[in-house]
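Each chain is listed here by its residues.
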Amino acid sequence: LPHSWLDPCPRTLDLNLTVEPWDDKNMRWALNYAIDRDQIVAFYYKGTTIPARHFFPAYRPLNYYVNLLDRVGLYKKHPVLEYNPDKAQKLIKANGWVRNTETGYFEKNSQELTLDIMVPDFIEYIGLAETIVAQLERVGINAGLRFRDFKTWRDNAVKGDIKDGFAHRRYL
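Looking at the overall build of the protein chain
Part 1: Each helix and strand in the protein chain was counted, giving seven helices and seven strands.
Part 2: Mapped from its N terminus to its C terminus, the protein chain presents α and β elements in the order β-α-α-α-α-α-β-β-β-β-α-β-α-β.
Part 3: Taking 16 Å as the expected radius of gyration for a compact globule of 172 residues, we find that the protein chain reaches 17 Å, a close match to that expectation.
Part 4: For the protein chain, buried positions account for 39% of its 172 residues.

Dropping the structure here:
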């Protein structure tokens, strides 16, 4: 892409940590392993960005500190960029969830494993969120999207009025 700019601002999927099962760090790791960031960069962003190991924009002054974290082994201890759907499913199963062979989704105590994601109705987020939903569904999480106009989305995010999670760019 000769006329493009590498966008350094990460997109994040933030979770409501007061809601089960996302209050459990292993379930959050399962989400992490279920998301293929390289596929998102290659397919959705056509290579115009990079997978983010953190929620900071990839700006030179911040990169100094991120590189320090790398040198002390933080990213080896916490492999945030690892795509591993098998690990995701093992973590979900270890938390007592069982995959329903009819629906393909995990269940526990007659409750389906769901993730409700609130997204602003920007064209970028719509396609990105749909890609993430498809990836989560492949590992057995029934993910859904709620699109909101930007003002409503931001008001809900600021007030903490979210069910499970919401997607955004960190610089908002």
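Remarks on a nonpolar patch on the surface
Part 1: Residues Tyr64, Tyr65 and Leu68 make up a contiguous nonpolar surface patch of about 330 Å² in total accessible area.
Part 2: Secondary-structure assignment places Leu68 in helix H3 (residues 60-71).

Focus on the pattern of salt bridges
Part 1: Enumeration over the complete set of coordinates arrives at four salt bridges.
Part 2: Across the pair Asp70 and Arg53 runs a salt bridge whose closest N-O atoms are separated by 3.3 Å. Here Asp70 is found in helix H3, whereas its partner Arg53 is found in the loop between helix H2 (37-44) and H3, with 17 residues between them in sequence.
Part 3: Residue class for Arg53 comes out partly exposed when judged on its relative accessible area of 26%.
Part 4: For the salt bridge of Lys151 with Asp155, the shortest nitrogen-to-oxygen distance reads 2.7 Å. Remark: Asp155 and Lys151 occur in helix H7 (residues 150-159); sequence separation between them is four residues, near one turn of the helix.
Part 5: For Lys151, a relative accessible area of 57% gives the class exposed.

Thoughts on the pairing of strand S6 (residues 142-148)
In regular strands, side chains alternate between the two faces of the sheet.
Part 1: Alignment of strand S5 (residues 114-120) against S6, held across seven bridges, turns out to be parallel. Note on S6: the bridge partner recorded for Thr114 is Asn142.
Part 2: Read as a crossover between parallel neighbours, the route from S5 over helix H6 (residues 123-138) to S6 is right-handed.

A closer look at the sheet that holds strand S2 (residues 98-99)
Strands in a sheet are paired, the pairing made by backbone hydrogen bonds, and the direction either parallel or antiparallel.
Part 1: On the basis of which strands lie adjacent, the open sheet formed by three strands has the order S2-S3-S4 and antiparallel pairing. This sheet does not close on itself; its edge strands, each paired only once, are S2 and strand S4 (111-112).
Part 2: Pairing between S2 and strand S3 (residues 106-108): two bridges, direction antiparallel. From the neighbouring strand, Val98 faces S3, where its bridge partner is Glu107.

Looking at the packing of aromatic side chains
Part 1: Applying the stated criterion across every chain yields a total of five aromatic pairs.
Part 2: Both rings, one in Tyr64 and one in Tyr65, keep their centres 5.0 Å apart while their planes meet at 85 degrees; by these two values the pair is edge-to-face.
Part 3: An aromatic cluster is defined as three or more aromatic residues linked by ring pairs; in this entry it consists of Phe122, Phe150 and Trp153.
Part 4: The side chain of Lys46 reaches across the aromatic face of Phe43, ending 5.1 Å from its centre.
Part 5: Over the aromatic face of Tyr75 sits the side chain of Arg53, whose NZ or CZ is 4.3 Å from the ring centroid.

Quick look at the nonpolar core
Part 1: Of all hydrophobic cores here, the largest spans 26 residues; its most connected members are Trp22, Ile92, Leu113, Leu115, Leu136 and Ile141.
Part 2: Residue assignment for this core shows that the elements contributing at least two residues are helix H1 (25-34), helix H5 (85-94), S5 and H6.
Part 3: A per-element tally of this core places H6 first, with six residues.
Part 4: When residues no more than four places from it in sequence are discounted, the contact partners of Ile92 are Met27, Ala30, Trp97, Phe106, Leu113, Val139 and Ile141.

Thresholds applied
Residues numbered from 1 in each chain as written. Predicted model: local features only at pLDDT ≥ 70, side-chain atom pairs only at ≥ 80, totals over all residues. Heavy atoms only, no water. Helix = DSSP H or I, 4+ residues; strand = E, 2+ residues; numbered from the N terminus. Rg over C-alpha atoms; globule rule 2.2 N^0.38 Å. Buried < 20%, exposed > 50% of the residue type's maximum accessible area, 1.4 Å probe, protein only. Patch = residues over 30% accessible without salt bridge, like charges linked within 9 Å, V, L, I, M, F, W, Y side chains within 5 Å. Areas by Shrake-Rupley, 256 points an atom, 1.4 Å probe, with all protein chains shown as cover. Salt bridge = Lys/Arg side-chain N within 4 Å of Asp/Glu carboxyl O. Pairing = 2+ DSSP bridges. Right-handed = clockwise from strand over helix to strand, strands pointing away. Phe/Tyr/Trp six-rings, centres within 6.5 Å; stacked < 30°, edge-to-face > 60°. Lys NZ or Arg CZ within 6 Å of the ring centre and 35° of its normal. Core = buried A, V, L, I, M, F, W, Y, C linked by side-chain atoms within 4.5 Å. Contact = heavy atoms within 4.5 Å.

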